[in-house]
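# Analysis of the macromolecular model
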Amino acid sequence: QSVLTQPPSASGTPGQRVTISCSGSSSNIGSNYVYWYQQLPGTAPKLLIYRNNQRPSGVPDRFSGSKSGTSASLAISGLRSEDEADYYCAAWDDSLSGGGVFGGGTKLTVL
Amino acid sequence: EVQLVESGGGLVQPGRSLRLSCTASGFTFGDYAMSWVRQAPGKGLEWVGFIRSKAYGGTTEYAASVKGRFTISRDDSKSIAYLQMNSLKTEDTAVYYCTRVSYGSGSYLDFDYWGQGTLVTVSS
């Protein structure tokens, strides 16, 4: 059971907009930055969004992140077949047994 | 070009030890914190721990699941980060990724570069 909760799956057709949610608590998302990672099949993860809503250079502006309270979301607009991947949110947790915590991951299927 | 190359993975029996190495190139290794993240087969990502740069004391932090068993260290002269894993358990079976923490990010979860990973299998 992951500390951050994501839906296990999401799907959309090319050109659509999809969102992936990430739910946490006051000790993680509520008080720290959220990060999003994309893992294409058979590859290492890649940083997609940092500090809640910032995109590293090279990441298309089709990807956007937001945070409100103890939840965060990743939105992908103009969905493309190459976006089919696993997506993970992450945040630091300030609780006693804290540290870095990831969501369980969301598998995005482009129909 | 930034590169992180892990090595040292393999099959090990429960209770034994293993040391992973992460050889870095393409950047000034000593300026960066380095972290390890693992992924059990077919499962999600799990943060293992990190080591700060010497400028920030070179201190370490670990996930509760590995604290007391795993140790992260670094050799800045060789641009290598290590993950010493002792008292291994079957649940430590995973691909272990070495990551670079983005400089000045303010968070030790900001991994701007990842290695390709090395598989550790703990089994009798």
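Here, every reference points to the structure presented above.
Our next topic: the overall build of chain B. Across its full length, chain B carries 0 helices and 11 strands. In chain B, the succession of helices and strands from N to C terminus is β-β-β-β-β-β-β-β-β-β-β. The C-alpha radius of gyration computed for chain B amounts to 14 Å, which stays within 12% of the reference 14 Å derived for 124 residues, consistent with globular compactness. Counting only C-alpha atoms, chain B reaches 40 × 30 × 25 Å along its principal axes. Across the 124 residues in chain B, those meeting the buried criterion constitute 51%. Of the contacts formed within chain B by residues at least 6 apart in sequence, a portion of 54% connects residues at least 24 apart. For chain B, the exposed area adds up to about 5,600 Å²; of that, 46% sits on carbon and sulfur atoms.

Glancing now at the state of the cysteines. Scanning the entire structure with this criterion turns up 2 disulfides over all chains. Note that Cys22 of chain A is cross-linked by a disulfide to Cys89 of chain A, the S-S spacing being 2.0 Å. Taking the sign of the torsion about the S-S bond as the criterion, the disulfide between Cys22 of chain A and Cys89 of chain A, at about 75°, is right-handed. Linking Cys22 of chain A in strand E2 (residues 18–23) with Cys89 of chain A in strand E7 (residues 85–93), this pair joins segments that are 67 residues apart in sequence. Here Cys22 of chain A falls in the buried class, since its relative accessible area comes to 1%. The exposure class assigned to Cys89 of chain A is buried, which follows from its relative accessible area of 0%. Here Cys22 of chain B is linked by a disulfide to Cys98 of chain B, with a sulfur-sulfur distance of 2.0 Å.

Take the nonpolar core next. Counting residues in hydrophobic clusters, the biggest one holds 45 residues, and the most contacted among them are Phe102 of chain A together with Met34, Trp36, Leu83, Met85, Tyr96 and Phe111 of chain B. For Tyr96 of chain B, the residues in contact, after removing those within four places along its chain, are Glu6, Leu20, Trp36, Val37, Arg38, Val48, Phe70, Leu83, Met85, Gly117, Thr118 and Val120 of chain B.

The next subject is the interface of chain B and chain A. If you look at the interface, chain B gives 21 residues, while chain A gives 19 residues. When chain B packs against chain A, the two sides together hide about 1,500 Å² of surface, and 64% of this comes from carbon and sulfur. Contact with chain A buries area across many residues of chain B, yet Leu45, Trp47 and Leu109 of chain B alone supply 39% of it, more than any other trio. Taken together, the links from chain B to chain A amount to 0 salt bridges. Where chain B touches chain A, the interface holds 6 residue pairs in polar contact (both at pLDDT 80 or more). Listed by contribution, the elements that provide at least two residues to the side of chain B that touches chain A are strand E4 (34–39), strand E5 (45–51) and strand E10 (111–114) of chain B. The element contributing the most residues to the side of chain B that touches chain A is E5 of chain B, with 4 residues. Grouping the amino acids of the side of chain B that touches chain A by side-chain chemistry returns 10 nonpolar, 7 polar and 4 charged.

All names here are of chain A. Spatially, the 3 strands line up as an open sheet ordered E2-E6-E5, and their pairing is antiparallel. Each having just a single partner strand, E2 and strand E5 (63–68) make up the two edges of the open sheet. Recorded for the sheet is a direction-independent mean angle of 20° between the axes of neighbouring strands. Relative to strand E6 (residues 71–76), E2 runs antiparallel, the two being bridged by 6 bridges. Counterpart to Val18 in the pairing with E6 is Ile76.

Here Gly115 of chain B is to be found in the loop between E10 and strand E11 (118–122). Placed 73 residues apart in sequence, Gly115 of chain B and Gly42 of chain B show a C-alpha to C-alpha distance of 18 Å. Contacts of Gly115 of chain B, omitting those with residues within four sequence positions, involve Ala44 of chain A together with Leu4, Glu6, Tyr97 and Cys98 of chain B.

On to the pattern of salt bridges. Residue and element names in this part refer to chain B. The final tally for this structure, using the stated rule, is 9 salt bridges over all chains. Between Asp92 and Arg69 there is a salt bridge, with its nearest N and O atoms 2.7 Å apart. Residue Asp92 is found in the loop between strand E8 (80–85) and strand E9 (94–101), and its partner Arg69 is found in the loop between strand E6 (60–62) and strand E7 (70–75); the two are separated by 23 residues along the sequence. The buried category is assigned to Arg69, whose relative accessible area is 11%. A salt bridge links Asp112 to Arg100, with the shortest nitrogen-to-oxygen separation between them at 2.8 Å. Remark: Arg100 occurs in strand E9 and Asp112 occurs in strand E10; sequence separation between them is 12 residues. Overall, the relative accessible area of 23% leaves Asp112 in the partly exposed class. Put simply, Arg38, Glu46, Arg69 and Asp92 are held in one network by salt bridges that share partners.

Cut-offs used in this document
- Residues numbered from 1 in each chain as written.
- Chains lettered and ligands numbered in written order.
- Predicted model: local features only at pLDDT ≥ 70, side-chain atom pairs only at ≥ 80, totals over all residues.
- Heavy atoms only, no water.
- Helix = DSSP H or I, 4+ residues; strand = E, 2+ residues; numbered from the N terminus.
- Rg over C-alpha atoms; globule rule 2.2 N^0.38 Å.
- Buried < 20%, exposed > 50% of the residue type's maximum accessible area, 1.4 Å probe, protein only.
- Contact = heavy atoms within 4.5 Å.
- Areas by Shrake-Rupley, 256 points an atom, 1.4 Å probe, with all protein chains shown as cover.
- Disulfide = S-S within 2.5 Å.
- Core = buried A, V, L, I, M, F, W, Y, C linked by side-chain atoms within 4.5 Å.
- Buried area = accessible area lost by both parts, 1.4 Å probe.
- Salt bridge = Lys/Arg side-chain N within 4 Å of Asp/Glu carboxyl O.
- Polar contact = N/O pair within 3.5 Å; in protein donor to acceptor, adjacent residues only side chain to side chain.
- Nonpolar A, V, L, I, M, F, W, Y, C, P; charged D, E, K, R; others polar.
- Pairing = 2+ DSSP bridges.
- Axes fitted to C-alpha atoms, helices over the stretch in contact; angles between N-to-C directions.

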